[in-house]
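The residues making up each chain are set out below.
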Amino acid sequence: MRPIVLLLLFTLLALAACQREERDTRPQSALGSGEQPTPVTTLEPGGQRPSPTDNKAASFEANAFHLSEGKRLFGWFNCSGCHANGGGGMGPALMDQKWIYGSSMESIHATIRDGRPNGMPSFRDKIPDDQIWELAAFVRSLSGNAPSSAAPSRNDDMMAHPSENRMPDAATLGKSP
Amino acid sequence: MKRLASIAFATAIVLFLQGCAGWQSALDPKGPAASELAWLIWFFAGLCAVVWVLVMAALAVPLMMRSRQHAEPLALDAGADSRKLRVVMIAVGLTAVILVGLTLLSFFANRTLAAIGSDAALTIRVTGHQWWWEVRYEDATPSRILTTANEIHIPAGEPVRLLLTSTDVIHSFWVPSLSGKLDLIPGRMNVLDIKADKPGVYRGQCAEFCGAQHANMGTFIIAEPRAKFDAWWNDQLQPAAAPTGDEAKAGENLFLKRPCVMCHKIGGTPAGGTVAPDLTHVASRQTLAAGTLTMSRGNLAAWIADPQGVKPGAHMPVVDLSGDELNDIVAYLEGLK
Ligand SMILES: [Cu+2]
């Protein structure tokens, strides 16, 4: 009796490992369009919005597939040309704790979609909305704002910075406040 | 009843062997490298079959033979012992000779394969991407360098040198009717020489698991007479055909305004993306998305409307287009012969 119960428990535990993240390659229709008014200012009473308010922001943020797609597109769409792997060049650094336009997924999504006055181009018609969300999620991982279980791990070629899943949270640099 | 069974068996064998013919088979060689390999396959298989039958027979004979009853079971028979020893020594010697012989055969076959492209005049760089092939024809004159995708035109009867590499993961280039397989490895350049004896279309397939759509990563070698090949190269060097008709004109505009322009190149327009197949002459190709769909207006529309439905996981996202927009873009692309 006892060994059978043990065996069953063990099998159940082993089966749990079969659980695998779903790769949602076309979430477009299921979720909203992500259209929202461009904020004219990031100033809000009570500081920044505390939690994601768009359902895509919430579902992409901790999803390993979307984060890694965002990483690939960051190279494909030449974000590195101005942001140099996140370290900053002609555009600001994306791996520090300083955000001109806010650190939330929604703000970054709005930045990429609508552009920003001091030289950030608008990608509104040039990148499908889902892919903008993927980029936004990846940009947040550059400053350690993505769960390390989901953020991309090391590159196959030379790396300009530690892999995204090892980036310390830029705001606290790993220290507790 | 017995006759019926044997007829059914014979039919099954014929049908089974039919699978060895066709445009993608190592047993239906269409070039010197593949012929060499096919000969080697048949010779190895034949010799090993003979050896297997002999070994089985050697096993069966003592099993069938009744052992004689000796009056004195413990008596030593020096004559019989040395006979057995001789048989074993001969078997060991034959095995060694066969193994060394086969090794030599494959060594000389390799030399023949390596010599095929020693005087190749044409060099083609094949770069593996998840899940399509980028094909670049090298030329000393920069304006004659040509980039296309998935289909490799070559002159028939001439050796061609392929330089194989990859941008993401390891792929493997295998056109069984023409040659053996060779890997495409990121950061490394492998050299494969091929030659097609006669004009024809030979199918190839990625032969190293490379992700979700590995199975839909096909390629085609299209061997043509030299004159036809030269004409094709010259055609492909031309910029894209200007759109004719309102639909196609609107389609070009949309292509340049929408995300398509971020990834694809169309020569003669501002579209200069290099991360996806070059579409300058997309309609002149026989298939879409690395052999996934045949080229037709309907399939073009199906692919652009929902690439993730046709080839889930492919690196082309679904782009939100209205029915009219889709129609215009397809009309434009269909004209890019
Ligand atoms: Cu593959």
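Fair warning: this is a prediction, and the values are worked out from it, not measured in the lab.

**Here we look at the sheet that holds strand β6 (residues 171-174) of chain B**
All names here are of chain B.
Then, in step 1: Spatially, β4-β10-β9-β6-β7 is the arrangement adopted by the five strands of the open sheet, whose pairing is mixed. With one partner strand each, in any of the chains shown, β4 (151-155) and β7 (182-184) form the two edges of the open sheet. Direction aside, the axes of adjacent strands within the sheet are offset by 25° on average.
Then, in step 2: The strands touched by helix α4 (residues 226-237) within the sheet are β4 and β10 (218-224), with β4 carrying the most contacts at an inclination of about 135°.

**Quick look at the coordination of the copper ion**
Tetrahedral coordination by four donors sets the ideal angle at the metal to 109.5 degrees; octahedral coordination by six donors sets it to 90 or 180 degrees.
All names here are of chain B.
Then, in step 1: Binding of the copper ion to the protein goes through Cys206 (SG), Glu208 (O), Cys210 (SG) and His214 (ND1), at separations of 2.0 to 2.6 Å.
Then, in step 2: Taken together, the four donor atoms surrounding the copper ion define angles of 89 to 126° at the centre, an arrangement classified as tetrahedral.
Then, in step 3: Residue Glu208 is classed as partly exposed on the basis of its relative accessible area of 32%.

**A few points about the environment of Glu69 of chain A**
Then, in step 1: Looking at the element boundaries, Glu69 of chain A is found in helix α3 (residues 64-76).
Then, in step 2: C-alpha separation for the pair Glu69 of chain A and Ala93 of chain A, spaced 24 residues apart in sequence, amounts to 21 Å.
Then, in step 3: Those residues in contact with Glu69 of chain A that sit more than four places away from it in its chain are Glu134 of chain A together with His315 of chain B.
Then, in step 4: Polar contacts involving the side chain of Glu69 of chain A include one to the side chain of Arg72 of chain A, which spans 2.6 Å.

**A few points about the nonpolar core**
Then, in step 1: Of all hydrophobic cores here, the largest spans 55 residues; its most connected members are Phe74 and Leu135 of chain A together with Phe255, Ile266, Ile304 and Leu333 of chain B.
Then, in step 2: Those elements that place two or more of their residues in this core are α2 (55-61), α3, α5 (105-114) and α6 (129-142) of chain A together with α5 (246-257), α6 (260-263), α7 (297-305) and α9 (323-334) of chain B.
Then, in step 3: Ranked by residue count, the leading element in this core is α6 of chain A, at eight residues.
Then, in step 4: Filtering out sequence-adjacent residues up to four positions away, Ile304 of chain B remains in contact with Met316, Leu321, Leu326, Ile329, Val330 and Leu333 of chain B.
Then, in step 5: By size, the runner-up hydrophobic cluster in this structure holds 30 residues, among which are Ile124, Trp131, Val135 and Phe173 of chain B.

**A closer look at the interface of chain A and chain B**
Then, in step 1: If you look at the interface, chain A gives 13 residues, while chain B gives 17 residues.
Then, in step 2: Interface area, chain A with chain B, both sides summed: about 1300 Å², of which 63% is carbon and sulfur.
Then, in step 3: Of all residues in chain A, Arg26, Trp76 and Lys126 of chain A bury the most surface against chain B, accounting for 42% of the area lost on that side.
Then, in step 4: Counting every contact that joins chain A to chain B gives zero salt bridges.
Then, in step 5: Element by element, the count of residues in the side of chain A that touches chain B is highest for α3 of chain A, at three residues.

**A closer look at the pairing of strand β5 (residues 160-166) of chain B**
Sheet faces and side chains relate simply in a regular strand, where the side chains alternate between the two faces.
All names here are of chain B.
Then, in step 1: Counting buried positions along β5 yields six of seven residues, so the element is predominantly enclosed.
Then, in step 2: Pairing between strand β1 (residues 122-129) and β5: seven bridges, direction parallel. Of the residues in β5, the one forming a bridge with Val126 is Leu164.
Then, in step 3: Direction of pairing for β5 relative to strand β8 (residues 190-194): antiparallel, over a ladder of five bridges. Of the residues in β8, the one forming a bridge with Leu163 is Val191.

**Let's talk about α3 of chain A**
Residues and elements named next belong to chain A.
Then, in step 1: Look at α3: 18 Å from first C-alpha to last across 13 residues, which is about the 18 Å you get at 1.5 Å a residue.
Then, in step 2: Buried within α3 we find Phe65, His66, Leu67, Glu69, Gly70, Arg72, Leu73 and Phe74.
Then, in step 3: Check the buried side of α3 and you find it contacts α2, α4 (80-83) and α6.
Then, in step 4: Between the side-chain oxygen of the N-cap and the backbone nitrogen of Phe65 there are 3.0 Å, and the N-cap of α3 in question is Asn63.
Then, in step 5: Residue Asn78 follows α3 closely and has a positive phi angle near 55°.

**Looking at the side chain of Ser143 of chain A**
Residues and elements named next belong to chain A.
Then, in step 1: Following the sequence through the fold, Ser143 ends up in the segment after α6.
Then, in step 2: Accessibility expressed as a relative area gives 1% for Ser143, which makes it buried.
Then, in step 3: A distance of 3.1 Å separates a polar atom in the side chain of Ser143 from a polar atom in the side chain of Asn145.
Then, in step 4: Those residues in contact with Ser143, other than ones at most four positions away along the chain, are Leu94, Met95, Asp96, Trp99, Pro168, Asp169 and Ala170.

**Here's the deal with the domain arrangement of chain B**
Residues and elements named next belong to chain B.
Then, in step 1: Domain assignment breaks chain B into domain 1 (22-60 + 81-234) and domain 2 (246-334).
Then, in step 2: One C-alpha centre belongs to domain 1, the other to domain 2; they are set 33 Å apart.
Then, in step 3: Each partner contributes to the interface: domain 1 provides 16 residues, whereas domain 2 provides 16 residues.
Then, in step 4: At the boundary of domain 1 and domain 2, one finds zero salt bridges.
Then, in step 5: Applying the counting criterion to the domain 1 and domain 2 interface returns eight residue pairs in polar contact (both at pLDDT 80 or more).
Then, in step 6: Elements supplying a minimum of two residues to the side of domain 1 that touches domain 2: β3 (146-149) and β10.

**Considerations on the pairing of β10 of chain B**
Residue and element names in this part refer to chain B.
Then, in step 1: Along β10, seven of the seven residues are buried, which leaves the element largely enclosed by surrounding structure.
Then, in step 2: Taking every second residue as pointing to the same face, both faces of β10 are buried, with Gly218, Phe220, Ile222 and Glu224 on one and Thr219, Ile221 and Ala223 on the other.
Then, in step 3: Note that β4 and β10 share five bridges and pair parallel. Among the inter-strand pairings, Glu151 is bridged to a residue of β10, identified as Phe220.
Then, in step 4: In the sheet, strand β9 (residues 200-206) pairs with β10 via six bridges, with the strands oriented antiparallel.

Quick notes on the rules
Residues numbered from 1 in each chain as written. Chains lettered and ligands numbered in written order. Predicted model: local features only at pLDDT ≥ 70, side-chain atom pairs only at ≥ 80, totals over all residues. Heavy atoms only, no water. Pairing = 2+ DSSP bridges. Helix = DSSP H or I, 4+ residues; strand = E, 2+ residues; numbered from the N terminus. Axes fitted to C-alpha atoms, helices over the stretch in contact; angles between N-to-C directions. Contact = heavy atoms within 4.5 Å. Donors = N, O, S within 2.8 Å, 3.2 Å for Na, K, Ca; no water. Tetrahedral: all angles 85-135°; square planar, octahedral: opposite > 155°, others 65-115°. Buried < 20%, exposed > 50% of the residue type's maximum accessible area, 1.4 Å probe, protein only. Polar contact = N/O pair within 3.5 Å; in protein donor to acceptor, adjacent residues only side chain to side chain. Core = buried A, V, L, I, M, F, W, Y, C linked by side-chain atoms within 4.5 Å. Buried area = accessible area lost by both parts, 1.4 Å probe. Salt bridge = Lys/Arg side-chain N within 4 Å of Asp/Glu carboxyl O. Expected span 1.5 Å × (residues − 1). Domains from an automatic or database assignment.

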